[in-house]
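# A closer look at the structure
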Amino acid sequence: MTNGAVAARRDRVLEVVDLQKRYGAGTLAIERISLDVCRGEFVSIVGPSGAGKTTLLKTICGLLAPTSGRVLLDDKLVTAPPPEMVLVFQDYARSLFPWLTVTANVAFPLRKKRLGAGEKASLVLEAIDAVGLTAFAGHYPWQLSGGMQQRVAIARAVAFRPEILLLDEPFASVDALTRADLEDLTLRLRAEFGITMLLVTHDIDEAVYLSDRVFVLSPPPSVIVREIAVPLSQPREQERTRSDAAFLALRNEIHRLIGQHPERTPAP
Amino acid sequence: MRGRRLLGLATIVVLLAAWELAARAGGNVYVPPPSQIAVTFVHEWFSPQFGQEAVPSIWRLLAGFVIATIVGVALGVAIGVSDALYRTLDPVLQVLRALPPTAVIPVGILLLGIGDSMKVAVIVFGAVWPILVNSVDGARSVSSERLDTARNFGFSRLETIVAVTFPSALPQIFAGLRVGLALAFIMIVISEMVGGSNGLGYAILSAQRTFSIPEMYAGIVLLAILGYGLNALFTLLERRVLAWHLGSTAVTR
Amino acid sequence: MSAAVARWAPPLGFVVVLFAVVEVLSRTGVLPPDIPAPSAVAIALVRELGDGSLTLQLATTLGTWAVAFAIAVALAIVAGLLMGTIPLVYDAFSTLVDLLRPVPSVSMIPLAILFFGLGAEMRIVMIVYAAFWPMLVNTLYGVRSVDPVTLDTARNFGTSGIDTLARVVLPAALPGIATGIRVSASLALAVTVTVELVAGDSGIGHYIAQAEQSSRIAPMYAAIVLSGLTGWLINAGFARLEDRVVFWSPSVRRSAEAG
Ligand SMILES: Nc1ncnc2c1ncn2[C@@H]1O[C@H](COP(=O)(O)OP(=O)(O)OP(=O)(O)O)[C@@H](O)[C@H]1O
Ligand SMILES: [Mg+2]
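The sections below set out a description of the structure shown in this document. Every residue gets a number counted from 1 within its own chain, in the order that chain's sequence is written. Whichever chain is written first becomes A and whichever ligand is written first becomes 1, with later ones labelled in order. In view of the model being predicted, local features appear only for residues whose pLDDT reaches at least 70, and side-chain atom pairs are presented and counted only at 80 or more, with totals across whole chains, interfaces and linings using the full set of residues. Heavy atoms throughout the structure, all of them, feed into the side-chain values; hydrogens and water do not.

## Regarding the nonpolar core
- Among buried residues, the Ala, Val, Leu, Ile, Met, Phe, Trp, Tyr and Cys ones that are joined through side-chain atoms within 4.5 Å form a nonpolar core. Only protein chains enter the accessibility calculation, which uses a 1.4 Å probe; a residue is then buried when its area is under 20% of its type maximum, exposed when over 50%, and partly exposed in between. Formed by 195 residues in total, the largest nonpolar core has its most connected members in Val106(A), Leu189(A), Ile190(B) and Ile109(C).
- Element by element, the count of residues in this core is highest for helix H8 (residues 157–194) of chain B, at 18 residues.
- The residues that make up this core include at least three from each of domain 1 (3–84 + 164–259) and domain 2 (98–161) of chain A.
- Dropping the residues within four chain positions of it, Ile190(B) is found in contact with Thr102(B), Ile105(B), Val106(C), Ile109(C), Thr194(C), Leu197(C) and Val198(C).
- Membership of the second largest hydrophobic core comes to 29 residues, among which are Ala51(A), Leu56(A), Met85(A) and Leu198(A). Helix and strand assignments come from DSSP, with helices taken as H or I runs of at least 4 residues and strands as E runs of at least 2, each series counted from the N terminus. All the domain ranges listed were derived from an automatic or database domain assignment. Every residue pair with non-hydrogen atoms within 4.5 Å of one another is taken to be in contact.

## Things to note about the site of ligand 1
Residue and element names in this part refer to chain A.
- A single heavy atom is enough: if one lies within 4 Å of a molecule or strand, its residue is considered near that molecule or strand. The local shell around ligand 1 consists of Tyr23, Thr27, Ala29, Ser49, Gly50, Ala51, Gly52, Lys53, Thr54, Thr55, Gln90 and Glu169.
- Within the side chain of Gln90, a nitrogen or oxygen atom sits 3.3 Å from an oxygen atom of ligand 1.
- Computed by Shrake-Rupley with a 1.4 Å probe, the accessible areas treat only the displayed protein chains as cover when residues are assessed. Notes on ligand 1: free accessible area 630 Å², of which the protein chains cover 60%.
- No other element matches helix H2 (residues 53–60), which puts 3 residues into the shell around ligand 1.
- Residue classes follow a fixed rule: Ala, Val, Leu, Ile, Met, Phe, Trp, Tyr, Cys and Pro count as nonpolar, while Asp, Glu, Lys and Arg count as charged, and any other residue, Gly among them, counts as polar. Across the shell around ligand 1, the residue classes tally to 3 nonpolar, 7 polar and 2 charged. As used in this structure description, the phrase polar contact means that two N or O atoms lie within 3.5 Å; if the pair is within protein, one of them must be able to donate a hydrogen and the other to accept it, and residues adjacent in sequence are counted only when both atoms belong to side chains.

## Considerations on the coordination of the magnesium ion (ligand 2)
Residue and element names in this part refer to chain A.
- Each metal site lists N, O and S donors within 2.8 Å (3.2 Å for Na, K and Ca). With water left out of the atoms, a site can look as if it is missing ligands. The coordination sphere of the magnesium ion (ligand 2) contains the protein donors Thr54 (OG1) and Gln90 (OE1), at a distance range of 1.9 to 2.7 Å. Residue Thr54 is found in helix H2, and its partner Gln90 is found in the loop between strand E6 (85–88) and helix H3 (92–95); the two are separated by 36 residues along the sequence.
- In this structure Thr54 comes out as partly exposed when scored by relative accessible area, which is 27%.
- Note on Gln90: relative accessible area 28%, which makes it partly exposed.

## Overview of the pairing of strand E7 (residues 164–168) of chain A
All names here are of chain A.
- Where burial is concerned, most of E7 is hidden: 5 out of the 5 residues are buried.
- Side chains Ile164, Leu166 and Asp168 of E7 all project onto a buried face; the interleaved residues Leu165 and Leu167 project onto the opposite face, where all are buried too.
- In this sheet, E7 lies alongside E6 in parallel orientation, the contact comprising 4 bridges. Among the inter-strand pairings, Leu87 is bridged to a residue of E7, identified as Leu166.
- Across 5 bridges, E7 lies against strand E8 (residues 196–201) in parallel orientation. If you follow Leu166 over to E8, its bridge partner there is Leu198.
- Viewed along the sheet, the connection from E7 through helix H7 (residues 176–193) into E8 turns out right-handed. When DSSP finds two or more bridges between two strands, those strands count as paired. Note on handedness: a crossover is taken as right-handed if, strands pointing away from the viewer, the path from the first strand over the helix to the second is clockwise.

Below, the structure written as C-alpha cells:
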C-alpha cells in the first residue's frame, strides 16, 4: 500500500453501512453491502452485468432510498442528493440535454450555485478545457462523437466541483482507444481537481488500472466478495502499468473471484 | 431538385389553365374562371371588407389558439409529471379528445351568445385537447437519466419541470400544436357559419346563399391563403425552436 | 381483476365526483339553466335512444361516415401508392398536395352545397375531401419508408411491378396506412358531425342544432355525449387495429403524427 493511501484511509469521506436495496416488493438488487471511501482515493466496484452496480451508485448519491442500511457522507446521513456528490451516468446520450450547447450543458448545474456570472463562466471554461473540448464549446452534444459526449458529461460534473465523482460504467460504450484516453483523463482530473472517485465497471482491467482499491461484487442479489488493495505505483501509465506483473496478478485474482475467464467478461 | 420543383409548378399551372378554358367554354355560373376569381379577390379583399370580415376571424383564431396553447401545455405537463393525475384524468381526456369538436358550438351559443367570446371559447375547446394530450405524453416520456441528472444537481421538482421536462417534451408539444391549429381553423369557420354576423366563415356562406359565386370563391381562396400562411409560419417557428431536435434525430437516423 | 379495478377506479371516481358536484350546483340553481343536471342528461339519453329518435340519427351519421371514410381511404391509398412508387407522379403532384393540405377543409362547405345541395351527397363529398389528406400523407410516408435495397433486391430477382407492389411495398407501407386510417377515421367523424350541424337535414349534428334551436337542453347534451362516446370507440378501435399491424414498431404512430 502506498503512503498516500495509508494517510487517506484515516480521512474517510464516504461510508456505506449494511446497505440493502429492493425495488418495490420485487427484485432484491442488493443483498447487503458495506464499504468506505477515503478522501482523494480512487475506488472501483467491479461486478457482472445486472449485479446492481447502477442501483448501488444511485442509492449512494441519494437518488434512490435504501431499503435498509445507511449511507454517510462526512458522517452525515444521506437522505437526498447532496451537492458534494455527482453521478456520471452510463448512458451519456440520455443524460446530456440535446437542446443545449456544450457550454450550456456544462453550465446547467451551476444554476443551483450562488456564484457571480464571471465565476460561473470561468468554472465552465476551465472544465471544458480540462476535458479538451474548448474547440467544440458551441456545438450541440449530438454533433459530437460518443467519447466527446462522455467528456461533456464529465466536464459538467467537474464544473460543479463535487467532492466525490461517481462514475457508472462511463466508458462502456466507446471504442478501445477512446476508452484509454478517457481513463487517463479521469486520472488527470483527479490529480488536478483533487476529486475523490468512485467508479463502477464490469471491466476488471480498467478497475485495476485506475484504482487504489477494488471491491468485487457477487452476482445479484449482490454482496461484496472481496476488497482488494492495488499497490501499483503512481502515476499510472497505460502500457507500463498494464504490463506490470503485479497488475496481471491482481486482475487474474479478480477474474477468479468473479469466476470468469478474461475472454468471457460480459458485454455491456 | 430544380426540375422537380418546376414540374410541380407546371402541374398547378396546367390545372388552372384547364379550369380557365373549361369555365369559359362551359359557361356554368357555378364555375367562374380563375381569372375572374382573381379579379374578384383583389376587389373584395384589398378593401375595407378585409378589416370587417378577415381581421375579426384572424384575431379570434389567434386568441383562441394562444389560450389553448397556454392552457393545454400547462395542464398537460402538470398531468404528465404526476402519476396520480395521469391515472385519474387520462381516460377522461381520451374521451374529450375524441368528441367531434364542432358539436359543442351550440353549447357555446347557448351559454355565451354569438359574440366573440363564444367563438374564442369554442376555438379553445376545439384546439386544446390535442395540445393537452401531446403535452401529457411528452412530459411522461422524458428519460429517467435526464430527471435524475437534474435531481442529482439539487434541482427542485418545479425547477426540473421547467428546465428539463418542458424542453424534453417540446417535440411532442409541437406535434400537438400543429393538430390544434388545424382544429382551431375548423372551429372558427364553423362557429362563424353557425352563429355569426361577420367573419370569413359567415362571409363565404352568405355569399353562397345570395349566389354571389365569384365572391364565395374569393372568400375560400382567402381562407386557403390564411390556412397555408399560418401553417407555414408555424413550420418556421417549429424549425427554429426544434432545431436541436431535428438535428439530433437526423444524426441518429 | 384487481388490475382492472386499479386502472378504472380513479377516472370513474373522478367522473362520479365531478357529476355529483355539477348535479348539486345545477339543482340548487347556482349554475345557469343552460347547464343541466347530469342526471337529466342521462335520462334524456336513455329516453331518446329508447324511443328511437336519437338512435336513428346516430345510424344516419355512422352510415354517412362509413361510406365517405371507405371512399377516402380507397382513393388515398391508390393516390399514395402511385405517388410513392412513381417518381414522376410524385414530382408532379407533391407541390399541389403541399399547397392544398393546410387549407381548412370546412371552408369548402359552401362550394359543396352549391354543387350538391344539402343532401347526403354533399356531406359525403365534404367528408371524403377532408379525410383524404391525412390518409394520403400517411400512406405516402409509409410507402416512401420502403427500404430501397429491398426494392432493388426484388427487381434483381425479376419480380414484376405488381408483385413488388403487393409483396414488398404494401406490407412495408402498412404501418403508415394504419396510422392514416386511425387519424382519418376520427377526422371523418368530426367532419360528418360538422356538416350535419351546418347544413344537414339529419344525423347527430343536425339533431344537436335542432335541439339547441328549440331549447331542448338535456337532449342536446345527450346527443353531444353520444357523439363523444362514438368518437372514442372509433378511435380506440382503430388504435387497437394499428397496434396489431405495427406491433413490431410502436414508435411509428408518434413519428408519423409529428410529420
Ligand atoms: N427501476 C427498477 N425497477 C425494478 N428493478 C430494477 C430497476 N432497476 C434495476 N432493476 C433490477 O435490479 C437489478 C440490478 O440492476 P442494475 O441496473 O443496478 O444492475 P447493473 O449492475 O448496473 O447492470 P448493468 O451492468 O447492466 O448496468 C437487475 O435485476 C434489474 O433488473
Ligand atoms: Mg448499470
